[in-house]
Amino acid sequence: MKLYIRSSACVSPQNTFNHEGFLDNVVEYTGTRLKAIEPDYKLFIDPKQIRRMSHVIKMGVAAAKQCLLDADIEMPGAIITGTAFGCMEDTVTFLTRIVEQQEELLPPTAFIQSTHNTVAAQIALLLKCHSYNSTFVHKGISFESALFDAMMMLKEQDADNVLVGGIEEMVDTSFKVLTRLGLYKRQPVSNLSLFATSSKGTIGGEGASFFLLTSKYSTGNLAELTGLKILYKPKSIEDSIVSFLKSHSLTIDHIDLVITGKNGDIKNDEVYEQLNGSLFKNTPIANYKHLCGEYPVSSSFALWIAANILKLGVVPGIVGERIVIGDTNNGDSLSSKTSQVVGVVTNNDFATTSPKTILIYNHYQNKYHSLMLVSAI
Amino acid sequence: MSSSVYIAGVGAISAIGNNVAEHLVSFNNEEAGMSDITLLDTIHRKKLPVAEVKLSNDELVAMTGLTANASRTALLSMVAASEALTDAAIPDFGSLRTGFVSANSVGGMDKSEDFFIDFLADNNKGKLRNVFDHECGSMTEIVADKLGISDFMTTISTACSSSANAIFYAARLIKNDVLDVVIAGGTDSLTKFTLNGFNTLMILDKEFCKPFDENREGLNLGEGAGYVVLVSEKIMQTLTKAAHCKLSGYNNSNDAYHQTASSPDGTGSYLAMQGALKKSGLTPPDIDYINLHGTGTPNNDSAEGTAIKRLFDPAYPPMSSTKSYTGHTLGASGGIEAVFSVLAIKHGIIYPNLRFETRMNELPFEPETNYLSGQDIKHVMSNSFGFGGNCTSLIFSRI
């Protein structure tokens, strides 16, 4: 059974939500934290409810509703979300009040909205959707776990379509704690030159990306979701990638573009650099975390990019790390020399030929690795 | 897709026992686990009863071999998960495709609370090791590492139905031939966060809870962990002892009514029970015992009871809420009660619903109040409902 991405909507630190162009109006930030650009929530949520909703709930609900609108589907067959930290804003609010008010006279709203499944629940509530509803909260593979569930559900034919999303909010408290834990750079940096210097740490991010997965073919589908593999502490990531591709009757030669989860942290990026010189040596490479920042479900942002690249047939210059200058006459790009273009900022499209098969490879703190295979329909 | 998924092992820890055998003794003796708060530093001590596991963190560390700084949630998880794995005694476990699917509601919150006191006073203070494993996923990872499971792990958090959903997901991983063996369930320790949270909702009973009683006043919070080991048909045939039972049905439906309250007619609960029956190919008369969600709050028991009435009327199987023993263990409850459901089939037991006195006005039935043994139990339904309208029913069946 083939599975397709029918539609996708993405709230991120870039102009990705209800924006005509595709990463054409890139926002530059200087600092170590990228904040999501807020959609006009009034279009999606009752203003009375907006006031009570935290940032992550609003982002999630807006992205989910737009995704359904784009798919022209009123009622999904299941709603599944992935989030590592869940509703941080409400969690911090309630924790703060417990300490400051010494457990006295606490209002319940923050606690009620602090549970990790709040976004999935709010979507169900707004749609009056009684179908399967679940939330995965496993660190850097929270989104992949949700996606894996959605793919199984479609294969089991328990649903014709599934709304699945990755959601994460960064609040001041989590940013401060994660900074102290050494995740982010010590000096402000431009996100657009994230890969230009080698230093420790990355930049924080947040966002909400939703996808309507379906088993139904339609020319309107964005892409085919061909495969997904989640790995924990793999012995050799290179071998794992080769065997993943093999399980789909592919080799690296069939991959037109690899989107990697490079995040500007010298240690984090070692894995990618190594692959770029070996397995991915002759494959065009793109990156995305300079646009959205690092966060546990950032691979959902990468999937949004991949789906759009396949639909539109263009690779925005802003994501390109390395192109392979191929002999377009015989279509064989593998025999040609490669050209390294690091941190490229350009308005030109990155590759002239439109990719048909994209591999997304991301790892989270070198423990959790994920591979997503996406193809043109 | 493989046909059946079998339960090869069980493990549990709660206020009424540190292992499965101790639970069976407590049930037989009708001994509830609630008492005054001793572990949490809170203003609610001596005011609100809770169901604490009767082991300190130091004792749990000694039992599990985990690090001294581990969250109590991970410690409880380790105790029950390793008991389940030992019980299953799967030959050549290391050569199989194995997974750990665990659930919890607030991750390492017990440690984060300690961190937060110092952090609030000064953002550069607070021991980072206390917040390092804040994430729900950390609890699962710590235990999976200790159990030597690396093929597949994930964490589910859907409030109080979390671990029922973990078992449900694990079964599907086997049916889809992704894995051969999965340890699935959930864990939660008592925290000030959840105690105060439920207290603000005014649904905590100041006395021991009375599920499904007309005069019920709320729930008692508990803590613990419960896991089942699920195996494929192929693995079941290699077991040196018989599997306990099989997981024959499951369903998750959403009430889509309110973030925390259940709909008056129990729509989500009804759809979950109905869906699980459909999945198992059974009808209401086939169910021999219902392990109720039965928190003891006016709202839950009314909605769940109404849904049962809609589905089972006029013939009601015996039913009870084991939360009258363990308190409501939140993200662990579906796992712990799955273990109880398996044991009900294996030992032919129906657990009494403690402290029940008066039938609810709106219901034509009442829970079982006697400990019954020697029962012929083929099919058990286990209900777990959570915030966000998340309703899950599982059905366990004798082989």
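Chains are numbered independently. Their residues run from 1 in the order of the written sequence. Whichever chain is written first is A, and whichever ligand is written first is 1; the rest continue in order. Per-residue local features of the predicted model are confined to residues with pLDDT of at least 70, and side-chain atom pairs are confined, for both listing and counting, to 80 or more; whole-chain, interface and lining totals are unaffected and use all residues.

Asker: So, the overall build of chain B: which residues are in play, and what are the values?
Answerer: Segments assigned H or I by DSSP are reported as helices when at least four residues long, segments assigned E as strands when at least two residues long, and all are numbered from the N terminus. When its secondary structure is counted, chain B shows 12 helices and 12 strands. Restricting the calculation to C-alpha atoms gives the radius of gyration, and the globule rule supplies 2.2 Å times the number of residues raised to the power 0.38. Relative to the compact-globule value of 21 Å for 399 residues, chain B shows a C-alpha radius of gyration of 20 Å, a close match. When the backbone C-alpha atoms are referred to their principal axes, chain B occupies close to 60 × 50 × 40 Å. Restricting to contacts in chain B with at least 6 residues of sequence separation, those with at least 24 account for 80%. Note on contacts: each residue gets a C-beta atom placed from the backbone, and two residues are in contact if those atoms are within 7 Å.

Asker: Describe in detail the overall build of chain A, supporting the description with residues and values.
Answerer: When helices and strands are counted, chain A shows 11 helices and 14 strands. Relative to the globule expectation of 21 Å for 377 residues, the C-alpha radius of gyration of chain A, 20 Å, shows essentially globular dimensions. Seen along its three principal axes, the alpha-carbon backbone of chain A occupies a region of about 70 × 50 × 40 Å. Note on burial: count the other C-beta atoms lying within 10 Å of the residue's C-beta; 20 or more is buried, 12 or fewer is exposed, in between is partly exposed, and C-beta positions come from the backbone. Classification of the 377 residues of chain A by burial places 59% in the buried group. For chain A, the proportion of contacts with a sequence separation of at least 24, taken over those separated by at least 6, is 79%.

Asker: Hey, could you go over the interface of chain B and chain A for me, with residue numbers and the actual values?
Answerer: If you look at the interface, chain B gives 45 residues, while chain A gives 48 residues. For the side of chain B that touches chain A, the secondary-structure elements that each account for two or more residues are helix 4 (109–121), helix 5 (136–147), strand 4 (152–156), helix 6 (162–175), helix 7 (192–200), strand 8 (245–254) and helix 9 (267–280) of chain B. Of the residues forming the side of chain B that touches chain A, the biggest block, 5 residues, is contributed by helix 7 of chain B. The residue classification treats Ala, Val, Leu, Ile, Met, Phe, Trp, Tyr, Cys and Pro as nonpolar and Asp, Glu, Lys and Arg as charged. All others, Gly included, are polar. Residue classes in the side of chain B that touches chain A are distributed as 17 nonpolar, 25 polar and 3 charged.

Asker: Outline the nonpolar core, listing residues and values.
Answerer: The nonpolar core is taken to be a set of buried Ala, Val, Leu, Ile, Met, Phe, Trp, Tyr and Cys residues joined by way of C-beta atoms within 7 Å. Core analysis: the largest hydrophobic core is formed by 246 residues, its most contacted members being A:Ala306, B:Ile7, B:Val228 and B:Leu230. Boundary definitions for the domains trace back to an automatic or database domain assignment. Counting only domains with at least three residues in this core, you end up with domain 1 (5–236) and domain 2 (248–397) of chain B. Excluding anything up to four places from it in sequence, B:Leu230 contacts B:Val5, B:Tyr6, B:Ile7, B:Ala170, B:Ala171, B:Ile174, B:Val182, B:Ala184 and B:Leu247.

Asker: Describe the confidence of the model for chain A, naming the residues involved and giving the relevant values.
Answerer: The quantity known as pLDDT measures the predictor's confidence residue by residue, on a range of 0 to 100. Across chain A, pLDDT averages 92, with 92% of residues at or above 70. Contacts of residues 326–349 of chain A to residues separated by more than four positions or lying in other chains number 40 contacts, the stretch itself having pLDDT below 50.

Asker: So what about the packing of helix 3 (residues 88–100) of chain A against helix 7 of chain B? Which residues, and what values?
Answerer: Between helix 3 of chain A and helix 7 of chain B, the least distance of the axes is 10 Å, while the angle of their chain directions is 90°. By the angle between their axes, helix 3 of chain A is roughly perpendicular relative to helix 7 of chain B. Packed against helix 3 of chain A, whose contacting residues are A:Phe94, A:Leu95 and A:Ile98, the element helix 7 of chain B presents B:Lys192, B:Phe193, B:Asn196 and B:Gly197 at the interface. In terms of residue class, the contact of helix 3 of chain A with helix 7 of chain B is built from 4 nonpolar, 2 polar and 1 charged. Interaxial angle, 0 to 180 degrees, is taken between N-to-C directions of lines fitted to C-alpha atoms, where a helix line uses only the stretch in contact. The cut-offs work like this: below 35 degrees is roughly parallel, past 145 is roughly antiparallel, 65 to 115 is roughly perpendicular, and the gaps in between are oblique.

Asker: Requested: an account of the pairing of strand 14 (residues 368–375) of chain A, with residues and values cited.
Answerer: Residues and elements named next belong to chain A. The element strand 14 is extensively covered by neighbouring structure, given that 8 of its 8 residues are classed as buried. Neither face of strand 14 is left uncovered, since the one carrying Tyr368, Ser370, Met372 and Val374 and the one carrying His369, Leu371, Leu373 and Ser375 both have all their residues buried. Think of it this way: DSSP has to see at least two bridges between two strands before they count as a pair. Pairing analysis gives 8 bridges linking strand 8 (residues 223–232) to strand 14, with the strands arranged antiparallel. Bridging across to strand 14, Glu224 finds its partner in Ser375. Between strand 13 (residues 357–364) and strand 14, which pair antiparallel in sequence order, lie 3 residues; one of them, Gln365, sits at a positive phi of approximately 55°.

Asker: Summarise the confidence of the model for chain B; cite the residues concerned and give the values.
Answerer: Scored by pLDDT, chain B has a mean of 97; 99% of the residues are at 70 or more. Reported for the predicted complex are a pTM of 0.96 and an ipTM of 0.98.

Asker: Give me the pairing of strand 5 (residues 161–168) of chain A: which residues, what numbers.
Answerer: Residue and element names in this part refer to chain A. Along strand 5, 8 of the 8 residues are buried, which leaves the element largely enclosed by surrounding structure. Alternating residues of strand 5 divide into Asn161, Leu163, Gly165 and Ile167 and Val162, Val164, Gly166 and Glu168, and every residue in both groups is buried. Two strands pair when backbone bridges link them, and strand 3 (residues 78–82) and strand 5 are joined in this way by 4 bridges, in the parallel orientation. Each bridged residue has a counterpart across the sheet, and for Gly82 the counterpart in strand 5 is Gly166. Sheet topology places strand 5 next to strand 7 (residues 207–214); 8 bridges connect them, and they run antiparallel. The partner of Ile167 across the bridge, within strand 7, is Ala208.

Asker: Tell me about unusual backbone geometry, and name the residues and values.
Answerer: Both trends apply: most residues other than glycine have a negative phi, and most peptide bonds are in trans. Of note, the bond from B:Asp313 into B:Pro314 is cis; its omega dihedral lies within 30 degrees of zero at 10°. With respect to the helices and strands, the residue B:Pro314 is situated in the loop between helix 10 (298–312) and strand 10 (319–320). A positive phi is found at A:Lys139, a non-glycine position, where the angle reads about 50°. Along the chain, A:Lys139 falls in the loop between strand 4 (132–136) and helix 6 (142–155). For A:Lys139, a count of 23 C-beta atoms within 10 Å corresponds to the buried category. Its identity as a non-glycine residue notwithstanding, A:Asn366 has a phi of 60°, on the positive side. Locating A:Asn366 in the fold gives a position in the loop between strand 13 and strand 14.

Asker: Just give me the short version of the domain arrangement of chain B, but keep the residues and values in it.
Answerer: All names here are of chain B. Split into domains, chain B comes out as domain 1 (5–236) and domain 2 (248–397). For domain 1 and domain 2, the distance between their C-alpha centroids amounts to 20 Å. Taken together, the 61 residues of domain 1 in the interface contact 56 residues of domain 2. Among the secondary structure elements, those contributing two or more residues to the side of domain 1 that touches domain 2 are strand 1 (5–14), helix 1 (20–29), strand 2 (50–51), helix 6, strand 5 (181–188), strand 6 (221–222) and strand 7 (224–232). Looking at which element gives the most residues to the side of domain 1 that touches domain 2, the answer is helix 6, with 8 residues.

Asker: Help me get a handle on the environment of B:Ser341, residues and values and all.
Answerer: Residue and element names in this part refer to chain B. Here Ser341 shows up in helix 12 (residues 333–347). Expressed as a C-alpha distance, the spacing of Ser341 and Val380, which sit 39 residues apart in the sequence, is 6.1 Å. Apart from the residues within four sequence positions on either side, Ser341 is in contact with Asn291, Val380, Ser382 and Phe396.

Asker: Describe the environment of A:Asp172, with residues and values.
Answerer: Residue and element names in this part refer to chain A. Position of Asp172 among the secondary structure elements: in helix 7 (residues 172–180). C-beta crowding within 10 Å serves as the criterion here: with 12 such atoms nearby, Asp172 is assigned to the exposed category. Asp172 sits 203 residues away from Ser375 along the chain, and the two C-alpha atoms are 38 Å apart.

Asker: Could you give me a rundown of helix 7 of chain B, with the residues and numbers involved?
Answerer: Within helix 7 of chain B, 8 of the 9 residues are buried, leaving the element largely enclosed by the surrounding structure. Buried residues of helix 7 of chain B: B:Lys192, B:Phe193, B:Thr194, B:Leu195, B:Asn196, B:Gly197, B:Phe198 and B:Asn199, and no others. Contact partners of the buried residues in helix 7 of chain B: helix 3 and helix 4 (109–112) of chain A together with helix 4 and strand 6 of chain B. Just beyond helix 7 of chain B, the residue with positive phi is B:Met202, at close to 55°.

Asker: I'd like a rundown of the packing of helix 6 of chain B against helix 12 of chain B, residues and numbers included.
Answerer: Residue and element names in this part refer to chain B. At a minimum axis distance of 5 Å, the contact between helix 6 and helix 12 shows a crossing angle of 65°. On the side of helix 6, the interface is formed by Ser162, Ser163, Ala164, Ala166 and Ile167, while helix 12 contributes Ser333, Gly334, Gly335 and Ala338. Per-class residue counts for the contact of helix 6 with helix 12 are 4 nonpolar, 5 polar and no charged.

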